[in-house]
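Listed here are the chains, written in short residue letters.
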Amino acid sequence: TATMQPLWLFASLLALSRALPFEQKGFWDFTLDDGLLMMNDEEASGADTTSGVPDLDSVTPTFSAICPFGCHCHLRVVQCSDLGLKSVPKEMSPDTTLLDLQNNDITELRKDDFKGLQHLYALVLVNNKISKIHEKAFSPLRKLQKLYISKNHLVEIPPNLPSSLLELRIHDNRIRKVPKGVFSGLRNMNCIEMGGNPLENSGFEPGAFDGLKLNYLRISEAKLTGIPKDLPETLNELHLDHNKIQAIELEDLLRYSKLYRLGLGHNQIRMIENGSLSFLPTLRELHLDNNKLSRVPAGLPDLKLLQVVYLHSNNITKVGVNDFCPVGFGVKRAYYNGISLFNNPVPYWEVQPATFRCVTDRLAIQFGNYKK
């Protein structure tokens, strides 16, 4: 089926890489966290599952004899990684659907670098030295859905991204500013990974994310001191770990009522204002590990669907009998299957067993020893 074709395409590439005479250097590294390949994420986004996905049987004729020097070409996949390339190679087959250019020395994307590649579905440019992109470089790529351009030298979001784009991974660059309008026209986009950039809260212009209906956004390992207030309200997953966030104030999460996973680990959070979590009625997973909390956040018992809470490596000194579970029956719709509290100065022998009355089993609770 059409939805399985991208998966089959990547599987073919993986099989090819095993037969190559050189060692394949982590083609999958760019996919990053949680096994989030997102090659089938059109279903999750609610988008038309066939929109923009290449129909491999309808593309005629094939041009399999055309392959850039030094590259490996097979089944419309062009693999040119780890070749020391200084620029995008020429003589590419017009029916190419996946182009892998990672781990090279490319410094610039020019106007005609992708000319004629109107069937390209995924473009991998990870770990190059790209600092300059022509405003029309991506113009021919009318069916591009995946753009991986992480680990480069970019100081801004590339202009004029293809309107067909579903997923943009641009982490580990030098981006300090996200201007208003930079994502305009990207109605299909559902995933942006932009962590590892020196972004401060002031770097996001008001309206920077206007028009986007993202499911997934990661701005980890940046310089945020608070939760940005102008992100898309459609978000299901928001990851802001490894920043410098110090508090969650009452209305910080007001517009993110559709979140089911919130990552705030490895920050400097001391205070979570009472009531601030009440804006997240569908939350299933909350990561607050490696912060400076002195107590379990208020409001957890009211989150009826919450199943996983990471609170390890904080300064929590006491756990109350009603900190996690609601009083009475029938209120919580999903029991906890993971609560981590290890590496906190809690006298664990004082925690009452009834504290975890709404946990699936005792193996779901991680205590452990506290080390100063």
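What you are looking at is a predicted structure, and each value in this text was computed from that prediction instead of being measured.

A. Structural detail: the overall build of the chain. Summing up its helical and strand segments, the chain has two helices and 18 strands in all. Sequence separation of 24 or more characterises 52% of the internal contacts of the chain that already satisfy a separation of 6 or more. In the structure as shown, the chain presents an accessible area of about 17300 Å², 50% of it carried by carbon and sulfur atoms.

B. Up close: the UniProt feature "domain: LRRNT" (unreviewed entry) in the chain. Under the UniProt annotation, "domain: LRRNT" (unreviewed entry) lies at residues 66-98. Taken end to end, residues 66-98 has its terminal C-alpha atoms 14 Å apart, with 0% of it in helix and 21% in strand.

C. Representation of the packing of aromatic side chains within the structure. Scanning all chains against the criterion turns up seven aromatic pairs. Judged by centre distance (5.7 Å) and plane angle (25°), the ring pair of Phe183 and Phe209 falls under stacked. Of this pair, Phe183 sits in the loop between β8 (167-169) and β9 (191-193) while Phe209 is found in the loop between β9 and β10 (216-218), placing the two residues 26 residues apart along the sequence. Using a relative accessible area of 1% as the deciding quantity, one classes Phe183 as buried. Taking relative accessible area as the criterion, Phe209 reaches 4% and is therefore assigned buried. Put simply, the rings of Phe324, Tyr336, Tyr348, Phe356 and Phe367 touch in pairs and so form one group of aromatic residues. A cation over an aromatic ring shows up here: Lys332 above the ring of Tyr336, its NZ or CZ 4.4 Å from the ring centre.

D. Examining the state of the cysteines more closely. In total, this model carries three disulfides according to the counting rule given. One disulfide in the model links Cys71 with Cys80; its S-S distance is 2.1 Å. Between Cys71 and Cys80 the sulfur-sulfur dihedral comes to about 115°; the bridge is accordingly right-handed. What makes Cys71 buried here is its relative accessible area of 11%.

E. Summary view of the environment of Val182. Here Val182 is to be found in the loop between β8 and β9. Sequence-wise, Val182 and Pro159 are 23 residues apart; in three dimensions their C-alpha atoms are separated by 6.6 Å. Leave out the neighbours within four places in its chain, and Val182 touches Ile157, Pro158 and Ala208.

F. Looking closely at the confidence of the model for the chain. Considering every residue of the chain, the mean pLDDT works out to 85; 81% of them sit at 70 or more. For the stretch residues 1-62, pLDDT sits under 50, and the model shows 113 contacts to residues farther than four places along the chain or on other chains.

G. Highlighting unusual backbone geometry. Even without glycine at this site, Arg76 takes up a positive phi of about 65°. Following the sequence through the fold, Arg76 ends up in the loop between β1 (72-74) and β2 (77-79). Since its relative accessible area comes to 18%, Arg76 is described here as buried. Of note in the backbone geometry, Glu221 takes a positive phi value of approximately 50° without being a glycine. Within the secondary structure, Glu221 sits in the loop between β10 and β11 (237-239). With relative accessibility at 52%, the residue Glu221 sits in the exposed group.

H. Representation of the pattern of salt bridges. According to the stated counting rule, one finds 13 salt bridges in the structure shown. Between Lys90 and Asp113 there is a salt bridge, with the nearest N and O atoms lying 3.5 Å from each other. Taken together, the positions of Lys90 in the loop between β2 and β3 (98-100) and Asp113 in the loop between β4 (108-109) and β5 (122-124) put the pair 23 residues apart, joining distant regions of the chain. The class for Lys90 is partly exposed, based on a relative accessible area of 47%. Close ionic contact of Asp105 with Lys129 constitutes a salt bridge, the shortest N to O distance being 3.5 Å.

I. Geometry of the environment of Gln118. For Gln118, the position within the fold is in the loop between β4 and β5. Gln118 sits 25 residues away from Lys143 along the chain, and the two C-alpha atoms are 6.4 Å apart. Leaving out residues up to four positions away in the same chain, Gln118 has contacts with Pro140, Arg142 and Lys143.

J. Looking closely at the environment of Leu305. Here Leu305 lies in the loop between β15 (285-287) and β16 (308-310). Take Leu305: its relative accessible area is 15%, and that puts it in the buried class.

K. Region of interest: the side chain of Glu167. With respect to the secondary-structure elements, Glu167 resides in strand β8. Assessed through its relative accessible area of 0%, Glu167 is described here as buried.

Rules used in this analysis
- Residues numbered from 1 in each chain as written.
- Predicted model: local features only at pLDDT ≥ 70, side-chain atom pairs only at ≥ 80, totals over all residues.
- Heavy atoms only, no water.
- Helix = DSSP H or I, 4+ residues; strand = E, 2+ residues; numbered from the N terminus.
- Contact = heavy atoms within 4.5 Å.
- Areas by Shrake-Rupley, 256 points an atom, 1.4 Å probe, with all protein chains shown as cover.
- UniProt positions renumbered as here; feature names shortened; annotations may be inferred.
- Phe/Tyr/Trp six-rings, centres within 6.5 Å; stacked < 30°, edge-to-face > 60°.
- Buried < 20%, exposed > 50% of the residue type's maximum accessible area, 1.4 Å probe, protein only.
- Lys NZ or Arg CZ within 6 Å of the ring centre and 35° of its normal.
- Disulfide = S-S within 2.5 Å.
- pLDDT = per-residue confidence, 0-100.
- Salt bridge = Lys/Arg side-chain N within 4 Å of Asp/Glu carboxyl O.

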